[in-house]
Amino acid sequence: ISTESEILTWLATTDAEITYINNNKRDADVGGNVNVVYCNSRNGPNCGGLCTVYNGGATCLHAPGTQCLMATADVSFCSGGNCDGPCSGFNACGTRLNNNFCFTPNTNSIVVPFV
């Protein structure tokens, strides 16, 4: 799990191409905000390429082609496109990369939990 500060530092120093998708809803339906960064490329111990940054409440993120991610909560990454199929939790990451990223091959969606 990353802190918001760690994510902001990585964003300020990466050469990855960043797209932001924010809904920033704060209500009882979605809970508190979770930051998730997910990217389509792994180069050795580094995550990058085309990356998407989400900052919002509980949802299913459609994320085809994701190779690595980091988050401020224990998100789950799934092989199915609708947060289905086999899913694994970020805290159970099998291959840690630099900057607290997790290698997540075959990921097509990400479950952002209610926090």
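The structure we're discussing is the one just above.
Residues numbered from 1 in each chain as written. Predicted model: local features only at pLDDT ≥ 70, side-chain atom pairs only at ≥ 80, totals over all residues. Heavy atoms only, no water.

Undergrad: Can you walk me through the sheet that holds strand 7 (residues 102-112) in this structure?
TA: By definition, the strands of a sheet pair up through backbone hydrogen bonds, in either a parallel or an antiparallel sense. What the seven strands build is an open sheet, ordered 1-3-2-4-7-5-6; its pairing is mixed. Only two strands of the sheet have a single neighbouring strand rather than two, namely strand 1 (17-22) and strand 6 (87-89). Adjacent strand axes in the sheet meet at a mean angle of 35° when their direction is disregarded. The pairing of strand 2 (residues 34-43) with strand 4 (residues 59-71) spans four bridges and is classified as antiparallel. Bridging across to strand 4, Cys39 finds its partner in Cys68. Of the strands in this sheet, strand 1, strand 2, strand 3 (46-56) and strand 4 are in contact with helix 1 (residues 4-13), which crosses strand 2 at around 40°. (Pairing = 2+ DSSP bridges. Helix = DSSP H or I, 4+ residues; strand = E, 2+ residues; numbered from the N terminus. Axes fitted to C-alpha atoms, helices over the stretch in contact; angles between N-to-C directions. Contact = heavy atoms within 4.5 Å.)

Undergrad: What is the right way to read the side chain of Thr107 from this model?
TA: With respect to the helices and strands, Thr107 occurs in strand 7. Overall, Thr107 belongs to the buried group, its relative accessible area being 1%. Apart from residues lying up to four places away in sequence, Thr107 is in contact with Ala63, Pro64, Gly65, Thr66, Phe77 and Cys78. (Buried < 20%, exposed > 50% of the residue type's maximum accessible area, 1.4 Å probe, protein only.)

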